[in-house]
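What follows is the residue order along each chain.
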Amino acid sequence: MLTYDSNGFRLDGRPLRILSGAVHYFRSRPEQWPDRLAAARAMGLNTVETYVPWNLHEPAPGRHTRLDELGAFLDEARRQGLWTIVRPGPYICAEWDNGGLPGWLTARLGRRARTSDPDFLAAVDAFFDALLPQVVERQWGRPGGTVLMVQVENEYGAFGSDAAYLAHLARGLRERGVTVPLFTSDGPEDHMLAAGTVPGVLATVNFGSDPEGAFAALRRHRPEDPPFCMEYWNGWFDHWGGPHHTRDAADAADTLRRILAAGGSVNLYMAHGGTNFGTTAGANHADPPFNSTDWTHSPYQPTTTSYDYDAPLDERGLPTAKFEAFRQVIAEFAAEHPDLARYLDDRTAELPPAAPVLPGCEVLLDEYAELPFGPAVHSPAPPLFEELGLEHGLVRYTATLPALSPELPLTVEGLRDRAGLRVDGKPVAALERGTDTEPVTAGGGARISLLVESLGRVNYGPRVGETKGITGVRHERQYVHGWQAEPLAFDPLPAPAAWGPGTPAPETLARGTLHLDAPGDTFLAVPEGDHGYLWVNGFLLGRYDARGPQRTLYCPHPLLHPGPNTLTLLELGPTGPSRIQLREAPEIGG
């Protein structure tokens, strides 16, 4: 049993310093978990932490999927000699779409999400009923158990102040059989710790620097709790159109050394970042200027497909300079404190061999197909994605302007997030959320069409829970009514009526064939592309975007097989790519 006091943790009566690293099971392929976890152990970690994204496991109300992946990951951690920490939300942030909250739920509840609202609590309770058996049966002390701790919500003090909500979550975890210590994690600010903690539940803090100051703040609120940095931000994530973030390995290692010297336990965020496959990447609003507190009108920043995070283990799972620096710090600590730096077993951990990398080549796109939109929905006002049962993808909205209207400006309201505007079938504008464009006018009787693409939902701050699509179109001051909306989901890969020869063009599915003798890791680029989506053998790798900083998409070897492999592309910009390149090294910025 894990116990704690102000002096630290004890496991089954013996002292323990928790040396953990974040490895998210949903950001790599299950076939890669053994190598990722073995590498974490080789760095000197004795524990691994993972979030649980609710929207991955309940994509529609009451439809639970892939729940056994969490249990399988925890079992693999045990095989690799690692204890585990589970952070089931319901909100996780994590630069994940909507912070892990289901879009179908937040669209209905709005600001009632993450509160003690009865409808929200009922949805959380139903999800925990389905999820928590994976955790409860794998708690430390049970046969094969690894789980040492379970989190209550996530960084709630940065969001709200509903103490009844947090108390309900903590009580619900206990009632469903969680017996290991519960904990909260918040920024080391007084108001966050005051609002985000739960009486009788361990409090931890998240930070990237100044461990002494952060732990002092924690002691002011919880002098009886041991110092624990639940998220040591040793790297950072990227946004499309922004810079690639890195952190000097020596600087990061110095902060880790100071955390341990201060008596702290630690969870490296991230140990291995991985990939935001498909449409799972979230988004942010930039921090408001220092002379403003308005988060709601600051620039929208969608997160890249890569979640490399400049972590000790890169997106492909290989050690970086930061890995070596951290391993040295942990080894020094373990040599000085062998009674604290304990491990699940006494194996000698070694780095696994790297997967092979495919040689560079090009795949020509030689088959094309029309986009197979779903059945049309007719509505006076344009329905939102969520009202169409669509989490992400495309919706084609069409309407006809009143016959007697003169030539007047068109205004699209509430665009989230990109759209191609056509008037009488002719492309007239590329629209993007938060970006000004030249005015577009149209006259009476014109047929207008908007192909709207959703990007990541905001995962942090007051805009969590936003909807996708458009809220309206005005012809000067008059709203346009009488809409037809045709949705198109990207997962699974859309199945068109027919494939055939054609020419490269935007807003068209294109595919080519990659022949392999044996699979390997590779990095896919669309050098002629502007922005769009790329599938490998029907699996959606994610988004690409010429704005960078990311220029290649990591394709892990388990997605490929000997023989023919199908690469499918959907370009949504003005270009018509004719080829996909395989490259031997990643290009994620620098």
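The written sequence of each chain sets the order in which its residues are numbered from 1. For this predicted model, a pLDDT threshold of at least 70 governs which residues receive local features, and a threshold of 80 or more governs which side-chain atom pairs are given and counted, while totals over whole chains, interfaces and linings are taken from all residues. Excluding hydrogens and water, the side-chain values take into account all heavy atoms of the structure.

A closer look at the packing of aromatic side chains
Then, in step 1: Here a pair means two rings of Phe, Tyr or Trp (six-membered ring of Trp) with centres within 6.5 Å. Their orientation is stacked below 30 degrees between planes, edge-to-face above 60, and tilted elsewhere. One pass over the full model with this rule turns up 28 aromatic pairs.
Then, in step 2: Here the aromatic rings of Tyr156 and Tyr165 are separated by 5.3 Å at their centres, their planes lie at 55°, and the arrangement is tilted. The exposure classification of Tyr156 matches that of Tyr165, with both residues buried.
Then, in step 3: Their ring planes at 35° and their centres at 6.3 Å tell us that Tyr232 and Phe326 sit as a pair that is tilted. A residue pair is termed long-range when its members are at least 10 positions apart, and Tyr232 in strand 10 (residues 228–233) and Phe326 in helix 11 (residues 321–336) qualify at 94 residues. Judged on exposure class, the residue Tyr232 and its partner Phe326 are both buried.
Then, in step 4: A ring is scored as having a charge over it whenever the NZ atom of a lysine or the CZ atom of an arginine sits within 6 Å of its centre and within 35 degrees of its normal. Sitting over the ring of Tyr307, Arg27 keeps its end group 3.7 Å from the ring centre. With a 1.4 Å probe rolled over the protein chains alone, any residue whose accessible area is under 20% of its type maximum counts as buried; one over 50% counts as exposed, and the rest are partly exposed. Segments assigned H or I by DSSP are reported as helices when at least four residues long, segments assigned E as strands when at least two residues long, and all are numbered from the N terminus.

Re the sheet that holds strand 7 (residues 147–151)
Then, in step 1: Two strands form a pair only when DSSP identifies at least two bridges running between them. The eight strands lie next to each other as 4-5-6-7-8-9-10-11, forming a closed barrel whose pairing is parallel. Taken pair by pair, the neighbouring strands of this sheet meet at an average axis angle of 30°, ignoring direction.
Then, in step 2: Relative to strand 6 (residues 83–87), strand 5 (residues 47–51) runs parallel, the two being bridged by five bridges. Paired with Val48 across the bridge in strand 6 is Thr84.
Then, in step 3: Contacts from helix 3 (residues 68–79) reach strand 4 (19–23), strand 5, strand 6 and strand 7, with the element oriented near 170° to strand 5. Only C-alpha atoms enter the line fits that serve as axes; for helices the fit covers just the stretch in contact. Angles between N-to-C directions range over 0 to 180 degrees. The contact rule is simple, with two residues in contact once any of their heavy atoms fall within 4.5 Å.

Re the layout of surface pockets
Then, in step 1: The space that makes up the largest pocket amounts to roughly 1000 Å³.
Then, in step 2: Around the largest pocket, the lining comprises 33 residues; the ones closest to its centre are Leu56, Pro59, Thr279, Thr280 and Asp491.
Then, in step 3: When contributions to the lining of the largest pocket are tallied by element, the ones reaching two or more residues are helix 2 (54–57) and strand 29 (539–545).
Then, in step 4: Taken together, the residues of the lining of the largest pocket sort by class into 16 nonpolar, nine polar and eight charged. A 1.4 Å probe that fits but cannot get out identifies a cavity on a 1 Å grid over protein atoms alone, an open set with protein on both sides within 12 Å along at least five of seven lines counts as a pocket, and a residue lines either if it has an atom within 4 Å of a point. Grid points are joined across faces, edges and corners, and a volume is the space filled by probe spheres set on the points. Gly counts as polar in this scheme, as do all residues outside two lists: the nonpolar Ala, Val, Leu, Ile, Met, Phe, Trp, Tyr, Cys and Pro, and the charged Asp, Glu, Lys and Arg.

Overview of the packing of helix 1 (residues 33–42) against helix 3
Then, in step 1: Remark: helix 1 packs on helix 3, axes separated minimally by 10 Å, with the N-to-C direction vectors making an angle of 45°. Judged by the angle between their axes, helix 1 and helix 3 are oblique. The chirality of how helix 1 crosses helix 3 is right-handed. Touching Trp33, Pro34 and Leu37 of helix 1 are Glu69, Ala72, Phe73, Glu76 and Ala77, all from helix 3. An angle counts as roughly parallel when it lies under 35 degrees, as roughly antiparallel when it exceeds 145, as roughly perpendicular when it falls between 65 and 115, and as oblique in every other case. When the near helix sits turned anticlockwise from the far one by under a right angle, the crossing is termed left-handed; a clockwise turn instead gives a right-handed crossing.

A few points about the pattern of salt bridges
Then, in step 1: By definition here, a salt bridge exists when the distance from a side-chain nitrogen of Lys or Arg to a carboxyl oxygen of Asp or Glu is within 4 Å. By the definition in use, this model includes 42 salt bridges.
Then, in step 2: A salt bridge links Arg222 to Asp225; the nearest nitrogen and oxygen atoms lie 3.0 Å apart. Here Arg222 matches Asp225 in class, with each residue buried.
Then, in step 3: Residue Asp417 pairs with Lys468 through a salt bridge whose shortest N-O separation is 2.7 Å. Here Asp417 is found in the loop between strand 18 (408–413) and strand 19 (418–423), whereas its partner Lys468 is found in the loop between strand 22 (447–453) and strand 23 (472–475), with 51 residues between them in sequence. Accessibility assignment for this pair places Asp417 and Lys468 in one class, buried.
Then, in step 4: Within this structure, Arg416, Asp417, Arg433, Glu466 and Lys468 form a network of salt bridges that share partners.

Topic: the side chain of Gln134
Then, in step 1: On the secondary structure map, Gln134 appears in helix 6 (residues 133–136).
Then, in step 2: Since its relative accessible area comes to 17%, Gln134 is described here as buried.
Then, in step 3: A polar atom in the side chain of Gln134 sits 3.2 Å from the backbone nitrogen of Gly71.
Then, in step 4: Not counting the four nearest positions on each side in its chain, Gln134 is found in contact with Leu67, Asp68, Leu70, Gly71 and Leu74. N or O atoms within 3.5 Å of each other form a polar contact, as long as, within protein, one can give a hydrogen and the other can take it, and as long as residues adjacent in sequence are counted only when both atoms are side-chain atoms.

Interpretation in functional terms is not warranted from these geometric data alone.
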